[in-house]
Amino acid sequence: MQDYLNGLNEQQREAVLTTDGPLMIVAGAGSGKTKVLTTRIAHLMAKGVDAFNILALTFTNKAAAEMKERIEKILGNNEARNLYIGTFHSVFARILRAEAHRLGYPNSFTIYDSEDSKSVIKAVVREMNLDEKHYKPNIVLGRISQAKNALVGPLEYKNDFQLQQEDMRSSRPAIAEIYKAYASRCFKNGAMDFDDLLLKMYELLNTFPEVLSRFQHKFKYILIDEYQDTNPVQYQITKLLAAANENICVVGDDAQSIYSFRGATIENILQFKNDYDDVKVVKLEQNYRSTKKILHVANTVININKGQIPKELWTDNLEGEKIRVVRSMTDNDEGKFVADTISEEELRNHFNHGDFAILYRTNAQSRAMEESLRRRGIPYRIFGGLSFYQRKEIKDFIAYLRVISNTRDEEALKRIINYPVRGIGKTSIEKALIVANEGNITFWEVLTKAAQYGFRAGALEAINKFVLMIQYFQSLLRDKNAHEVAVQVGKHTNIVKDLFNDKTTEGLARYENVQELLNSIKGWVDDQENLSQIDEDGILLDNVDNRNAQNAMSLGAYLQQITLLTDADKDEENDNVVKLMTIHAAKGLEFPVVFVVGVEESIFPSAMSINTREELEEERRLYYVAVTRAKSKLWITYANSRYKFGTVTQNDPSRFISEMPAEYVDNSYSGAGHFNVPQNNMGSAYERMNRTYTKKSDFSADSTNYNKVNSGFSAPAKKSVLPTQAPKQYTPVQKIHQPTVNFVASSPALIEAGQTIEHQKFGFGKVLSVDGASHNPIATIAFAANGEKKLMLNYAKLRIVEG
DNA sequence: TCAAAATCAATTTTT
DNA sequence: TTGATTTTGA
C-alpha cells in the first residue's frame, strides 16, 4: 500500500482508488476534496499513467496551482509539470493557440477581457444607430454571454421565438443583431472573448473529428473540480473529450453551486449519474474544517433548500463556540466593531492577522472595512477588484504588445493610436474606422494604406510614422525576445519616460506598475526558456522552426495568460494580513476566524435575487459557503443603516440570520450592547469632516497592495473642528477679476466654509459651504463678481485669502 | 486638442 | 458618493 493513502478515511480512499470509469465525488465543504483529487492524480501516475494523459480542469488558477504543488510534493519530483492542470479557460486557450487557424482565427488571436468586449459592443451599438442608453454594454454583453454559454449562436438566437419574445418584452429587440455584429467584429479583430474560449473549443472538437479523436486519446483521464459550477458548453466539451475512455471523475458539491449568473447549471451535477453507464458515486461527508456548532448551523440552513443530493456533514472536531450575531448602528460602526474585535482576538487569543477573513456579498462593502482596519493599523489585503493587468497604464502598455502580436486587434489599436499623443485625433480615427467598416478591411490595413484615403497632411504623416513604429517593433521579434521588445516599446514611445517625469503620487505608482509589468515579462521569458519548448503532441509550439516564430509565440503566449489572470492568483510574500474578499472569491478557502458582514435583506440576499425560488436558493447556498469558510470562530454582522450612493438606507437583518438554529447562536451582541453605543454626534461629525478632507492619494490608490501600518494615514494638517468664528461681512471687491500677481493655489485640505478665497477666474468670493466628497468636494461660493456658484474645488485655481 | 467643468449613471457575484 | 462620460472653452 502506497503511503500517500495513509491518513485518508474510507470514503476518501475509495474515491482515490476507483480510477477507471465514470466517478462522481460528492464532496461536502471542508471534506478534503483537494486532497482526494491530488492524491488521485498521484495514484494514477504511480500506477503508470503518463502525466501527458491526464487532464484536470478547475475554475480558478489558484486551485490549479495548489493541485500542482501538492502533487509534486506527493510524488517528490517534477513530473507534475507535464500534467494538464488548469482552468477551463486557460487550458482551452492553450489548445486553441495551436488550433485556432482551423476556425479561421489567427493562432496569435487576442483574448478580449470584459472591458474590451464592452467597448466592442458599444462601438457596434453606436454604428447601428441604436439608443446607447437602452443598449447598455453590460446588459447586452450579459445576454450574449448567456447565449454563448448555452451554445446558442447568433442565428439560432435570432430564430428562437422565446428569446425574441424576451428581448421584445425588455424592449431590446435588436440584441440578436448586435450579437451577430459583435461576433463578426471579434472575428474580424482576430479576438476571442472569455466565452469564446469555451465556445470555440467546442466548435473545434465538434467540427473536426480528427482533432476530437486526437484529444480524446491524449486525455485518457479527465478530472473536473467544482463540477456544480459548469455551464452547458463546459459540459458538452467534457462530454466529448471523455467519450472515448469514460475515465471521467467529477468532484462537486451541489450545495456550493453559486455561479448560475455565469451560466452554470446545477443540473450538470444532479444529472451526472444519467450521463454514463455505471457511474460510481462516492460521498465525502466528514468535515475536517469547522467546529460542530458551525457545521450544524450550516447544515440546518442549507437543508431549507429543496432538491439536493442528500448528504449530512459531520465532524470529529471540537464543539466550538456559538456563532455570534452582531448588530451595529451604521456600516461604519460595523467596520469599527470588526476591527476592534480583530485586535481584541489577537491580544486575548493570540491570533495573527492572517487568521482573519472578512467576507461580504458585494465588493462595494469593502470600503467601510478598509477604513476601520486602516485606522487601527491592522494590515490587510483585498482580493478581487481590478487585477494588476486591468489597470489603465498596464492595459495601455500591453495594448502595444497586443498590436505587435496581432495587428487585427482593433481595440488595442484604438487604445494606443494616439497614446502618447502623436497628433492622430478623434476625427482621423473616426474616419479610419468608417473606411475600415465600409470596405470590410481591418483598422490596421486602413492605417497602412492611409495615403489612399485622403487624410489631412499632418494626420497622414503621424499615421505613417505610427505604422512604421509598430512594424519596427515587429521586426525586433526576429532576434529579440518578448521582454526586450517590451523594453524597446517603453523607450520608443516615451511612455516610461513620461511616467517617470510625473511626480505625483499616482504618477509614481503608475511608473512602478509599468516597471513591474516589464519585470513580469522578463520573468515569463526566463521561465519559458527553461521549459521544454515542444510539447509531446505539439500543442504548444507547432511549426516552430526559427527564432522569430519562437519569440512571437512567446509574446503571444504571455499575452494570452495574463488576460486570464486574476489578482487573487498573485501570491504575496507577506501573507500574514487580514483578508477581505467577496464570498464568491472565498470559495475553496478556509480561515480560523471569519466575519461575514452586511448580512442584511437586499444585500444578502441581494435585492436582485429574491424574485424566484431558484435565485433565493442560490443566495442561501452562498450563505452556506460563507458559513463553512470558518474553522473555529464565526461572526455574522449587520447594520441598521448604511450609506448607499450617498443616502442613508435601512435594511432589516437578513432572513438567513433567523434561519440559523437559535441554540447555536449568541445574540448577546445584537441588543446594542456597549459595543454598539453609537458614537456621539461630535465624533461622527469629526470623522465625516476628516474624511472630507482626506485626499485619495493618502490612502494610496492601490488598495490591493499590502497596506503599511501607519502609512501616513491620519488627519491632514491641523484643521479646527471647532465652529468657525462668526462669518465676516462680505464686501464685494471688483467686477472683473485680475488674478493677484504670483497667484499661488492653496492646499486642497484647507478649503472650508467661512473662508474668503480668490479664484483665478471668478475672483474673490466667500465659501458658504463645502460638501461631499473626499474625491469630489463641491463648494458653494458667493462671488463678488457673479453671485453664488457651486464649484467643484479645482484647487489649482483657488487661493485662500482669509480664514 | 486638451484639461476642466458639468452632467450622468450605477450599484451582484467572475473566468 | 463615487466614477465615467460628455460638454465646454481656450
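Since the model is a prediction, treat every value here as computed from it, not as a measurement.

**Looking at the overall build of chain A**
Consideration 1: For chain A, the count of helices and strands is 31 helices and 23 strands.
Consideration 2: Buried residues in chain A amount to 52% of all 803 residues.
Consideration 3: Expressed as a percentage of contacts within chain A between residues at least 6 apart in sequence, the contacts between residues at least 24 apart total 75%.

**Looking at unusual backbone geometry**
Glycine aside, a negative phi is what most residues show, and trans is what most peptide bonds show.
Consideration 1: Of the consecutive residues Tyr419 and Pro420, the connecting peptide bond is found in the cis state with omega at -5°.
Consideration 2: When you line up the elements, Pro420 lands in the loop between α19 (410-416) and α20 (426-439).
Consideration 3: Following Phe604, the chain continues into Pro605 via a peptide bond in cis, with omega recorded as 10°.
Consideration 4: Relative to the helices and strands, Pro605 resides in the loop between β15 (591-596) and α28 (613-627).
Consideration 5: Positive phi, normally seen in glycine, also occurs at Ser171, with a value near 45°.
Consideration 6: Position of Ser171 among the secondary structure elements: in the loop between α8 (161-169) and α9 (175-188).
Consideration 7: Judged by its relative accessible area of 39%, Ser171 falls in the partly exposed class.

**Thoughts on the environment of Arg402**
Consideration 1: Tracing the backbone shows Arg402 in helix α18 (residues 392-405).
Consideration 2: Distance from Arg402 to Ser108, taken between C-alpha atoms, is 9.4 Å for residues 294 residues apart in sequence.
Consideration 3: Aside from chain neighbours lying at most four places away, what touches Arg402 is Thr110, Tyr112, Asp116, Lys395, Asp409, Glu411, Ala412 and Leu559.

**Comments concerning the packing of aromatic side chains**
Consideration 1: The final tally for this structure, using the stated rule, is 19 aromatic pairs.
Consideration 2: Here the aromatic rings of Phe388 and Tyr389 are separated by 5.1 Å at their centres, their planes lie at 85°, and the arrangement is edge-to-face. The same class applies to Phe388 and to Tyr389, which are both buried.
Consideration 3: Put simply, the rings of Phe351, Phe356, Phe595 and Trp635 touch in pairs and so form one group of aromatic residues.
Consideration 4: The cationic tip of Arg214 hangs over the ring face of Phe215; the distance from NZ or CZ to the ring centre is 5.0 Å.

**Considering helix α1 (residues 10-17)**
Consideration 1: Listed as buried for α1 are Gln12, Ala15 and Val16. The buried residues of α1 all sit within an arc of 100° when viewed along its axis, so they share a single face.
Consideration 2: Between the side-chain oxygen at the start of α1 and the backbone nitrogen of Gln11 there is a gap of 3.0 Å, and the oxygen is on Asn9.

**Considerations on the pattern of salt bridges**
Consideration 1: Considering all chains together, one arrives at 48 salt bridges under this definition.
Consideration 2: One network of salt bridges, in which partners are shared, links Asp113, Glu115, Asp116, Lys392, Lys395, Asp396, Arg402, Asp409 and Arg415.

**What to know about the UniProt feature "binding site: ATP" (unreviewed entry) in chain A**
Consideration 1: Residues given the UniProt feature "binding site: ATP" (unreviewed entry) here are Ala27, Gly28, Ala29, Gly30, Ser31, Gly32, Lys33 and Thr34.
Consideration 2: Residue position: Ala27 is located in strand β1 (residues 23-27).
Consideration 3: Residue class for Ala27 comes out buried when judged on its relative accessible area of 2%.
Consideration 4: When neighbours within four sequence positions are excluded, Ala27 is seen to be in contact with Lys33, Val251, Gly252, Asp253, Gln256 and Leu284.
Consideration 5: Locating Ser31 in the fold gives a position in the loop between β1 and α2 (33-46).

**Examining the environment of Arg367**
Consideration 1: Tracing the backbone shows Arg367 in helix α17 (residues 366-376).
Consideration 2: Judged by its relative accessible area of 58%, Arg367 is exposed.
Consideration 3: Along the sequence, Arg367 and Gly335 sit 32 residues apart, while their C-alpha atoms lie 8.9 Å from each other.

**Observations concerning the packing of helix α16 (residues 331-349) against α17**
Consideration 1: Close contact between α16 and α17 brings their axes to 8 Å; oriented N to C, the two are set at 45°. Considering their axes alone, α16 and α17 lie oblique with respect to each other. When the axes of α16 and α17 are compared, the crossing they make is right-handed. Of the residues in α17, those in contact with Asp331, Asn332, Glu334, Gly335, Lys336, Val338, Ala339, Asp340, Ile342 and Ser343 of α16 are Ala368, Met369, Ser372, Leu373 and Arg376.
Consideration 2: A breakdown of the residues in the contact of α16 with α17 according to their chemical character gives 6 nonpolar, 4 polar and 5 charged.

**Some remarks on the nonpolar core**
Inside soluble globular proteins, nonpolar side chains tend to come together where they are buried.
Consideration 1: Phe397, Leu447, Phe466 and Leu517 are the most contacted members of the largest nonpolar core, which totals 55 residues.
Consideration 2: By residue number, the principal contributor to this core is helix α22 (residues 457-476), which donates 9 residues.
Consideration 3: Non-local contacts of Phe397, meaning those with residues more than four positions away in its chain, are made with Ala486, Val489, Gly490, Ile495, Val496, Val514, Leu517 and Leu518.
Consideration 4: One finds Val26, Phe92, Ala100 and Ala242 within the second-largest nonpolar core, a separate group that totals 46 residues.

**What about the domain arrangement of chain A?**
Consideration 1: Taken domain by domain, chain A consists of domain 1 (10-102 + 198-286), domain 2 (111-189), domain 3 (323-387 + 572-666), domain 4 (388-564) and domain 5 (755-802).
Consideration 2: When each unit is reduced to the centre of its C-alpha atoms, the spacing between domain 2 and domain 4 is 28 Å.
Consideration 3: Residue-level contacts link 13 residues of domain 2 with 18 residues of domain 4.
Consideration 4: Together, the buried faces of domain 2 and domain 4 total about 1,300 Å²; carbon and sulfur atoms form 36% of this surface.
Consideration 5: The largest per-residue losses of area from domain 2 upon contact with domain 4 belong to Ile111, Lys188 and Asn189, which jointly make up 46% of the total buried on that side.
Consideration 6: Counting every contact that joins domain 2 to domain 4 gives 6 salt bridges.
Consideration 7: Lys395 is the partner of Asp116 in a salt bridge, and the nearest nitrogen-oxygen pair spans 3.2 Å.

**Details of the confidence of the model for chain A**
Consideration 1: Confidence in the prediction of chain A, expressed as mean pLDDT, is 81, and 81% of residues score 70 or more.
Consideration 2: Here residues 532-544 is modelled with pLDDT under 50, and outside its nearest four sequence neighbours on either side it reaches 22 contacts, counting other chains as well.
Consideration 3: Contacts for the low-pLDDT stretch residues 772-776, under 50 throughout, to residues beyond four places or in other chains number 8 contacts.

**Re the sheet that holds strand β2 (residues 54-58)**
Consideration 1: Taken in spatial order, the 6 strands line up as β3-β2-β6-β7-β1-β8 in an open sheet, and their pairing is parallel. Pairing within the sheet leaves two strands with one partner each, and these edge strands are β3 (84-87) and β8 (280-284). Between one strand and the next, the sheet's axes are offset by a mean angle of 15°, whatever the strand orientation.
Consideration 2: Bridging between β1 and β8 involves 5 bridges; their strand directions are parallel. Each bridged residue has a counterpart across the sheet, and for Leu23 the counterpart in β8 is Lys280.
Consideration 3: Packed onto the sheet, helix α4 (residues 88-99) meets β2, β3 and β6 (221-224) and runs at close to 120° relative to β3.
Consideration 4: The sheet contacts of helix α12 (residues 232-242) involve β2, β6 and β7 (248-252), and relative to β6 the element is tilted by about 160°.

Here is what the cut-offs are and how they apply
- Residues numbered from 1 in each chain as written.
- Chains lettered and ligands numbered in written order.
- Predicted model: local features only at pLDDT ≥ 70, side-chain atom pairs only at ≥ 80, totals over all residues.
- Heavy atoms only, no water.
- Helix = DSSP H or I, 4+ residues; strand = E, 2+ residues; numbered from the N terminus.
- Buried < 20%, exposed > 50% of the residue type's maximum accessible area, 1.4 Å probe, protein only.
- Contact = heavy atoms within 4.5 Å.
- Phe/Tyr/Trp six-rings, centres within 6.5 Å; stacked < 30°, edge-to-face > 60°.
- Lys NZ or Arg CZ within 6 Å of the ring centre and 35° of its normal.
- Arc of directions from axis to C-beta.
- Polar contact = N/O pair within 3.5 Å; in protein donor to acceptor, adjacent residues only side chain to side chain.
- Salt bridge = Lys/Arg side-chain N within 4 Å of Asp/Glu carboxyl O.
- UniProt positions renumbered as here; feature names shortened; annotations may be inferred.
- Axes fitted to C-alpha atoms, helices over the stretch in contact; angles between N-to-C directions.
- Parallel < 35°, antiparallel > 145°, perpendicular 65-115°, else oblique.
- Left-handed = near helix turned anticlockwise from the far one by under 90°.
- Nonpolar A, V, L, I, M, F, W, Y, C, P; charged D, E, K, R; others polar.
- Core = buried A, V, L, I, M, F, W, Y, C linked by side-chain atoms within 4.5 Å.
- Domains from an automatic or database assignment.
- Buried area = accessible area lost by both parts, 1.4 Å probe.
- pLDDT = per-residue confidence, 0-100.
- Pairing = 2+ DSSP bridges.

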